[in-house]
Amino acid sequence: MPLITDPWFYALAVPALLITGISKGGFASGGGNLAVPAMALVVPPAQAAAITLPVLCVMDLAGLRAWWGRWSKREMRTLLPGGLLGVLLGAFAFGVMSNNAIKLMVGLISLAFIARGIWVARHGPPRPQEPNRLKGGFWGTVSGFTSTLAHAGGPPAAMYLYPLRLPRAELSATTVVFFGVVNYVKLIPYGALGQMSADNLLTALVLLPLAPVGVRLGVWLQKRVSDAVFYRLIYVLLGVTGIKLVLEGLGL
């Protein structure tokens, strides 16, 4: 059966997926933004996203089991329709955009994630806001779209959810279950676009053991490494890959 054998691919994919698992296991899943940008330095972005998706789905199982039934029903009703619409729009973008255009967009998403983190660090968390179906639908759609392109739906969802100041457990459950549902739904358009091919699935299978290892490392590291140190590492790695993808997307 076909399989990606480029050692540079695995040199980037293995640490990126480990960081994703560590992030999901103990650091609020923000490191999940790194996997596709890192892999996209070696393979087309759509292929990188397709290889990453089954690994993310396995990681999501633990979160879905832990948080099932504890989410905010109101916010799930607000976010999920937009998220599903965003998945549809993202699948359409995959079908019509060139590799360079997708690289450019993935790179810009990566840099936007860093910009948001710097803004929050300097200005503090956003002011409390009331639930709003229109805002929630908008940010849910953006989240589904960026999640489909680069599995980077966290920041847009946070733009809506964080100002609501939900109880911590309810916020975590809503976030985990929302992205768990979105990730499993993404399997449908990815399959329809031909991205769930034999080589992609076999490569994902080779990388699959990283899912439980990364999550368990995250649980172990949570009490030993501060969020600040972890996210500084994420920002540096994501910044380098984001800039590289933007330059490649612009043909420079």
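Residues numbered from 1 in each chain as written. Predicted model: local features only at pLDDT ≥ 70, side-chain atom pairs only at ≥ 80, totals over all residues. Heavy atoms only, no water.

The name recorded for the protein chain in an unreviewed UniProt entry is Probable membrane transporter protein, from Roseomonas marmotae. The record held by UniProt for the protein chain lists under Subcellular location (unreviewed entry) the comment "Cell membrane". (UniProt positions renumbered as here; feature names shortened; annotations may be inferred.)

**Student:** Give a detailed account of the overall build of the protein chain, specifying residues and quantitative values.
**Tutor:** On a plain count of helices and strands, the protein chain comes out with eleven helices and zero strands. When the helices and strands of the protein chain are placed in sequence order, the string is α-α-α-α-α-α-α-α-α-α-α. A globule of 252 residues ought to have a C-alpha radius of gyration of about 18 Å, and the protein chain, at 17 Å, matches this closely. Along the first, second and third principal axes, the C-alpha atoms of the protein chain reach 50 × 40 × 35 Å. Classification of the 252 residues of the protein chain by burial places 50% in the buried group. Across the protein chain, contacts joining residues at least 24 apart in sequence account for 87% of those joining residues at least 6 apart. Surface accessibility of the protein chain: about 12,000 Å² in total, with carbon and sulfur atoms responsible for 68%. (Helix = DSSP H or I, 4+ residues; strand = E, 2+ residues; numbered from the N terminus. Rg over C-alpha atoms; globule rule 2.2 N^0.38 Å. Buried < 20%, exposed > 50% of the residue type's maximum accessible area, 1.4 Å probe, protein only. Contact = heavy atoms within 4.5 Å. Areas by Shrake-Rupley, 256 points an atom, 1.4 Å probe, with all protein chains shown as cover.)

**Student:** Run through the environment of G95, naming residues and quoting values.
**Tutor:** With respect to the element layout, G95 can be found in helix 4 (residues 73-96). The class of G95 is exposed, set by a relative accessible area of 53%. Along the primary structure G95 and G63 are separated by 32 residues, whereas in three dimensions their C-alpha atoms are 30 Å apart.

**Student:** I'd like a description of helix 3 (residues 45-67), backed by residues and values.
**Tutor:** With 23 residues, helix 3 extends 31 Å between its outermost C-alpha atoms, agreeing within 8% with the 33 Å of an ideal straight helix rising 1.5 Å per residue. Roughly 30° is the biggest bend found in helix 3, and it falls at L53, with proline P54 one to four residues downstream. Of all 23 residues in helix 3, 17 are buried, a share of seventy percent or more. Of the residues flanking the end of helix 3, it is G69, one or two places downstream, whose phi is positive at about 85°. (Expected span 1.5 Å × (residues − 1). Bend = angle between axes of the 7 residues up to and from the residue.)

**Student:** Kindly report on the UniProt feature "transmembrane region" (unreviewed entry) in the protein chain, identifying the contributing residues and their values.
**Tutor:** If you check UniProt for "transmembrane region" (unreviewed entry), the listed places come out as residues 50-67, 79-98, 104-121, 169-189, 201-221 and 228-247 in our numbering. Taken end to end, residues 50-67 is 100% helix and 0% strand, and its two terminal C-alpha atoms sit 26 Å from one another. Helix makes up 90% of residues 79-98 and strand makes up 0%, while its end C-alpha atoms are separated by 29 Å.

**Student:** Kindly report on the packing of helix 3 against helix 9 (residues 198-207), identifying the contributing residues and their values.
**Tutor:** Remark: helix 3 packs on helix 9, axes separated minimally by 8 Å, with the N-to-C direction vectors making an angle of 45°. In terms of orientation, helix 3 and helix 9 fall into the oblique class. With respect to the hand of their crossing, helix 3 and helix 9 are arranged in right-handed fashion. Across the interface between the two elements, Q47, A50, I51, P54 and V55 from helix 3 touch D199, N200, L201, T203, A204 and L207 from helix 9. Its residues assigned to classes, the contact of helix 3 with helix 9 shows seven nonpolar, three polar and one charged. (Axes fitted to C-alpha atoms, helices over the stretch in contact; angles between N-to-C directions. Parallel < 35°, antiparallel > 145°, perpendicular 65-115°, else oblique. Left-handed = near helix turned anticlockwise from the far one by under 90°. Nonpolar A, V, L, I, M, F, W, Y, C, P; charged D, E, K, R; others polar.)

**Student:** Which residues make up the environment of Q47, and what are the values?
**Tutor:** Tracing the sequence through the fold places Q47 in helix 3. Along the primary structure Q47 and Q195 are separated by 148 residues, whereas in three dimensions their C-alpha atoms are 6.4 Å apart. Setting aside anything within four residues of it in sequence, one finds Q47 in contact with I4, Q195, D199 and N200.

**Student:** Give me the lowdown on the packing of helix 3 against helix 10 (residues 210-221), citing residues and values where you can.
**Tutor:** Between helix 3 and helix 10, the shortest axis-to-axis distance is 9 Å and the interhelical angle comes to 50°. One finds that helix 3 runs oblique with respect to helix 10. In this structure, helix 3 meets helix 10 at a crossing whose hand is right-handed. Where helix 3 abuts helix 10, its residues V55, V58 and M59 lie against L210, A211 and V215. Its residues assigned to classes, the contact of helix 3 with helix 10 shows six nonpolar, no polar and no charged.

**Student:** If you had to explain the pattern of salt bridges to someone new, which residues and values would you point to?
**Tutor:** For the structure on display, the rule yields three salt bridges. Among the salt bridges present, the one from E75 reaches R74, with a minimum N-O distance of 2.4 Å. With a relative accessible area of 38%, R74 lands in the partly exposed category. Among the charged side chains, a network of salt bridges with common partners joins K103, K244 and E248. (Salt bridge = Lys/Arg side-chain N within 4 Å of Asp/Glu carboxyl O.)

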